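# Reading the structure
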Amino acid sequence: QDMPDMWTKAAGNNTTHPGLKWFRDAKFGLFIHWGLYSKLGGRWKDSSYYGSGEWLMNRAKAPAGEYAAVAKTFNPQGFNAEEWAQTARDAGVRYLVITAKHHEGFSMYDSKVTDFDIVDASPYGKDPMKALSRACREKGIPFGFYYSQFLDWHEPDGGGNTWDFPKDKKDYQQYYRSKSVPQLKELLTNYGPLGLVWFDMPGGLTPEQTRQMIDSLRILQPSCLFSSRVGHNLGDYRDFGDSEVPPVPIPGAWESIYTHNDSWGYIEHDLNFKSPGEIIRLLSNVASKGGNLMLNVGPDGNGKWPAYSIAYLKATGRWLDIYGESIYGTTYGLIPAQPWGVTTSKPGKLYLHVWEMPTGRQLRVPGINARVKSVKILGSRQPLTWKQSTAATTIQLPVTLPDTRNTVLVMEYSGTQQDLSQLRT
Ligand code: H79
């Protein structure tokens, strides 16, 4: 198969990293963007900036001093770590990643490195990340931090804010030394074992400097994964662009990240939420290429999730209760996308994700080079009938499928199709 280089380039360099196993099996993660921007909701002074969310400060060119004053009114009394972790569990996600500090520069945890953090600068006065990391651990959900390591619009030496701080006066090294690295060390020290650190937007460091930074962090938690946006191809797994699914199956550990509506950070008037059906198809589509989906929710300034996010995530979890076997622990399907849907696989099993009822209820599966042993609908004992020829296996579907959004069939086969364990590396 002819694949463009950008898609096939190895995910990370370290294929023996101890964190890769859980990460690759997890398949579904929850991303949470939460910061001062969650309270502003896309509004600065009297203007509204659609699609700005966590980028509001930049879009409005808000002066760092004025923007920082928002912290004085940030008091998310509605935040409940157990509730968040329980919703994540109900949704069926197998890891959770939350913004410890986004580009705005505000630390959503108790940082000794700066006073511009939720404990020192806000009336809330508690560390929500302590509570959330604990709640996730109690519920068995690997927990990770997003950390914007280069962009920091609050700091004169941080990347990105050129409207307050002239670029030619910036000392990025100084910023890394005085804030970024010490904060990363805090995060890797004070919140128990982390599943991963999700870096974003590299800059200001040479490959060698990046390697040194990473090495100094790895000592703290050798099992913690670092995302590819740490830069210079030094991450442990690969992230694609925001809201991007590769067109072809990709070996190795990787992740697609998507927003639930059109924004990462909370925006009150953005109601363009993906329905449960859309989430389920997105999840199975990403899994059919071999990757994880990390879906984002944006809680508001009071610490509450949009009601649609809660409802639709729970609906996704109910689908996973029945069909999770076809997602968790799978790798990409053995055949390309079909008019009726996509496939995922495990050794000896091919999962057929039926998005559309095929004409005549005849589901055509091309080119299975192995003996088909049985075909069933997941969650049902009733075997289906099929005919296998060299060109294709044709399965007869019942009049109605249990789930019109995505009913999954499991096809068991014996023989030589392909060694799936080889596909996994
Ligand atoms: O945290 C989310 C984004 O804020 C962050 N990555 C995800 C996970 C990110 N940082 N930089 N970028 C993404 C790329 C920059 C996109 C932009 Fe724009 C296009 C900045 C300005 C124009 C999108 C549209 C954001 C603001 C307006």
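Model, not experiment: these values are computed from the prediction. (Residues numbered from 1 in each chain as written. Predicted model: local features only at pLDDT ≥ 70, side-chain atom pairs only at ≥ 80, totals over all residues.)

A separate point is helix 8 (residues 172–190). Compared with an ideal rise of 1.5 Å per residue, which puts 19 residues at 27 Å, helix 8 spans 26 Å between its outermost C-alpha atoms and is within 8% of the ideal. All buried positions along helix 8 are accounted for by Tyr175, Tyr176, Lys179, Ser180, Gln183, Leu184 and Leu187. Where helix 8 terminates, the next one or two residues include glycine 192, which has phi positive at roughly 70°. (Helix = DSSP H or I, 4+ residues; strand = E, 2+ residues; numbered from the N terminus. Expected span 1.5 Å × (residues − 1). Buried ≥ 20, exposed ≤ 12 C-beta atoms within 10 Å, placed from the backbone.)

Now for the pairing of strand 14 (residues 362–366). Burial along strand 14 is one-sided: the face carrying Leu363 and Val365 is buried and the face carrying Gln362, Arg364 and Pro366 is not. Note: strand 14 against strand 17 (residues 392–396), five bridges, orientation antiparallel. Counterpart to leucine 363 in the pairing with strand 17 is isoleucine 395. (Pairing = 2+ DSSP bridges.)

Core analysis: the largest hydrophobic core is formed by 97 residues, its most contacted members being Leu30, Leu96, Val97, Phe145 and Val197. Composition of this core by domain shows at least three residues from each of domain 1 (5–326) and domain 2 (333–423). Among residues more than four places away in sequence, those in contact with leucine 96 are Gly29, Leu30, Ile32, Ala88, Cys136, Ile141 and Phe143. (Core = buried A, V, L, I, M, F, W, Y, C linked by C-beta atoms within 7 Å. Domains from an automatic or database assignment. Contact = placed C-beta atoms within 7 Å.)

Moving on, we get to the confidence of the model for the chain. Scored by pLDDT, the chain has a mean of 93; 94% of the residues are at 70 or more. Contacts for the low-pLDDT stretch residues 1–10, under 50 throughout, to residues beyond four places or in other chains number seven contacts. Across the whole predicted complex the pTM is 0.95, and at the interface the ipTM reaches 0.96. (pLDDT = per-residue confidence, 0-100.)

Turning next to the sheet that holds strand 16 (residues 386–388). If you walk across this open sheet you meet the three strands as 14-17-16, and the pairing is antiparallel. Two strands lie at the open edges of the sheet, namely strand 14 and strand 16, each paired on one side alone. Going from strand to strand, the sheet's axes swing by 15° on average, the running direction of each strand aside. (Axes fitted to C-alpha atoms, helices over the stretch in contact; angles between N-to-C directions.)

Let us look at the sheet that holds strand 5 (residues 143–148). If you trace the eight strands from one edge of the open sheet to the other, you get 7-6-5-4-1-10-9-8, paired in parallel fashion. Taken across any chain shown, the strands that pair with only one partner, and hence form the sheet edges, are strand 7 (225–226) and strand 8 (238–242). Where strand 4 (residues 96–101) meets strand 5, five bridges bridge the pair, whose relative direction is parallel. Directly across from valine 97, in strand 5, lies its bridge partner glycine 144.

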